[in-house]
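Each chain, letter by letter, is given below.
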Amino acid sequence: MYLPPHFKQDDPALLLEVMRRYNFVSLVCDIGGTPFASHIPVLAEAHEGHIVIDGHMARSNPQWQAMEKGNRTMAIFHGPHTYVSPGLFKPGNRVPTWDYISVHASGKASVMHEATEKLSVLTKLITHHEPDFQLNFDQMPDAARDGLLKGIVAFRIKIDQLEGKFKLGQHRLPEDIPDAKQTLYNTGDESQRDIAAWMRRLGYWE
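Residues numbered from 1 in each chain as written. Predicted model: local features only at pLDDT ≥ 70, side-chain atom pairs only at ≥ 80, totals over all residues. Heavy atoms only, no water.

Participant: Please explain the overall build of the protein chain as it appears in this structure.
Facilitator: A tally of regular secondary structure across the protein chain gives seven helices and six strands. In the protein chain, the succession of α and β elements from N to C terminus is α-β-β-β-α-β-β-α-α-α-β-α-α. With the C-alpha coordinates aligned to their principal axes, the bounding extent of the protein chain is approximately 65 × 40 × 30 Å. Each of the 206 residues in the protein chain was classed as buried or not, and the buried ones make up 41%. (Helix = DSSP H or I, 4+ residues; strand = E, 2+ residues; numbered from the N terminus. Buried < 20%, exposed > 50% of the residue type's maximum accessible area, 1.4 Å probe, protein only.)

This is the structure:
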């Protein structure tokens, strides 16, 4: 992605946190010379010194076949984002902008067809999102669970390229901060407050 140095974030722990918190991704790879994207929940975690991404998709989705052939796959994690009005800054030649956090994670995928492998991925996702549902899932009739598993494939992407872009107003002049802080952090909507919390956490606001 386009990544000016002042927006670059390469702390693996921070990037993994973003990937786990905002885990509904755009999964992109090439199919026949054309970019192809799926929109799915995944689970990122550190594994044996690498970051891996586990997920599943419908067997009818052609993307897994491209992944199985060795096509590189990119998962785009969309963190918080918000419109930023020029009215938040001191008067001058200012224009609207957009603040956001995004992580691009790329690598080659292993596609999993065995029922035990697919169950493992499903269990991880359930545990991440709604652990109390696991008992219900375990008690599902075998025929229903088998039908579900036959309709999906699971995958794991071993990440070998990781890019983080945190465009959070860190290039703004210091005198812009008070008005922006007051609006985004105290009276903004959920997305604005989320962006403001990251700004404060990373030290862009004292």
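Next comes the rest of the account.
Participant: How should the side chain of S26 be read in this particular structure?
Facilitator: With respect to the helices and strands, S26 occurs in strand β1 (residues 24–31). Exposure remark for S26: the relative accessible area of 11% places this residue in the buried category. If sequence neighbours within four positions are ignored, S26 has contacts with S38, H39, M74, A75, I76 and H78. (Contact = heavy atoms within 4.5 Å.)

Participant: Help me understand unusual backbone geometry in this model?
Facilitator: With glycine set apart, most residues show a phi of negative sign, and most peptide bonds adopt trans. A positive phi is found at E48, a non-glycine position, where the angle reads about 55°. Relative to the helices and strands, E48 resides in the loop between β2 (34–47) and β3 (50–58). With a relative accessible area of 70%, E48 lands in the exposed category.

Participant: Would you mind showing me how to read the packing of helix α1 (residues 12–21) against helix α7 (residues 190–201) here?
Facilitator: Helix-helix packing is described using two parameters, namely the angle between the two axes and the distance between the axes. With their axes 14 Å apart at the nearest point, α1 and α7 run at an angle of 165° to one another. On the basis of their axis angle, the class for α1 and α7 is roughly antiparallel. Seen from above, α1 lies across α7 with right-handed handedness. Contact residues: α1 offers L14, E17, V18 and R21, while α7 offers D194, W198 and R201. Classifying every residue of the contact of α1 with α7 gives three nonpolar, no polar and four charged. (Axes fitted to C-alpha atoms, helices over the stretch in contact; angles between N-to-C directions. Parallel < 35°, antiparallel > 145°, perpendicular 65-115°, else oblique. Left-handed = near helix turned anticlockwise from the far one by under 90°. Nonpolar A, V, L, I, M, F, W, Y, C, P; charged D, E, K, R; others polar.)

Participant: Even after reading the chapter, I still don't get the nonpolar core, so can you show me in this structure?
Facilitator: The tendency in soluble globular proteins is for nonpolar side chains to be buried as a group. Counting 40 residues, the largest nonpolar core has L27, I53 and F77 as the members making the most contacts within it. Setting aside residues up to four positions removed in sequence, F77 forms contacts with M19, Y22, N23, V25, V42, I53, I101, S102, V103 and A105. (Core = buried A, V, L, I, M, F, W, Y, C linked by side-chain atoms within 4.5 Å.)

Participant: What exactly am I supposed to notice about the packing of aromatic side chains here?
Facilitator: Aromatic rings considered in pairs are described by the distance between their centres and by the relative angle of their planes. Tallying each qualifying case throughout the model produces two aromatic pairs. Relative to W98, the ring of Y83 has its centre 6.0 Å away and its plane inclined at 70°; by these criteria the two rings are edge-to-face. Residue Y83 is found in strand β4 (residues 73–84), and its partner W98 is found in strand β5 (residues 97–112); the two are separated by 15 residues along the sequence. By relative accessible area, which is 39% here, Y83 ends up partly exposed. (Phe/Tyr/Trp six-rings, centres within 6.5 Å; stacked < 30°, edge-to-face > 60°.)

Participant: Sorry if this is basic, but what is going on with the sheet that holds β3 here?
Facilitator: Pairing between sheet strands relies on hydrogen bonds along the backbone, with the strands arranged either parallel or antiparallel. Pairing in this closed barrel of six strands is antiparallel, and the strands run β1-β2-β3-β6-β5-β4 around the ring. Within the sheet, the average angular offset between the axes of one strand and its neighbour, ignoring direction, is 40°. Where β5 meets strand β6 (residues 152–167), 13 bridges bridge the pair, whose relative direction is antiparallel. Counted as the bridge partner of S106 is Q161 from β6. Relative to β2, α1 is tilted by about 115°, and along the sheet it contacts β2, β3, β4, β5 and β6. (Pairing = 2+ DSSP bridges.)

Participant: Mind showing me how you'd approach α7 here?
Facilitator: Counting along an α-helix, one turn takes 3.6 residues, and residues three or four places apart therefore face a common direction. The end-to-end C-alpha distance of α7, which contains 12 residues, comes to 16 Å, matching closely the 16 Å that a straight helix rising 1.5 Å per residue would cover. Residues of α7 that are buried: Q192, D194, I195, A196, W198 and M199. For α7, the capping residue at the N-terminal end is D189, with a side-chain oxygen 3.2 Å from the backbone nitrogen of S191. Backbone geometry just after α7 places G203 at a positive phi near 85°. (Expected span 1.5 Å × (residues − 1). Polar contact = N/O pair within 3.5 Å; in protein donor to acceptor, adjacent residues only side chain to side chain.)

Participant: Is there a simple way to think about helix α3 (residues 115–129) in this case?
Facilitator: Across its 15 residues, α3 extends 21 Å between first and last C-alpha, which sits within 8% of the 21 Å expected from 1.5 Å per residue. Within the sequence span of α3, burial applies to K118, V121, L122, L125 and I126. For α3, the angular spread of buried residues about the axis comes to 135°, placing them on one side. Packing partners of the buried residues in α3 comprise β2, β3, β5, α4 (134–138), α5 (142–150) and β6. (Arc of directions from axis to C-beta.)

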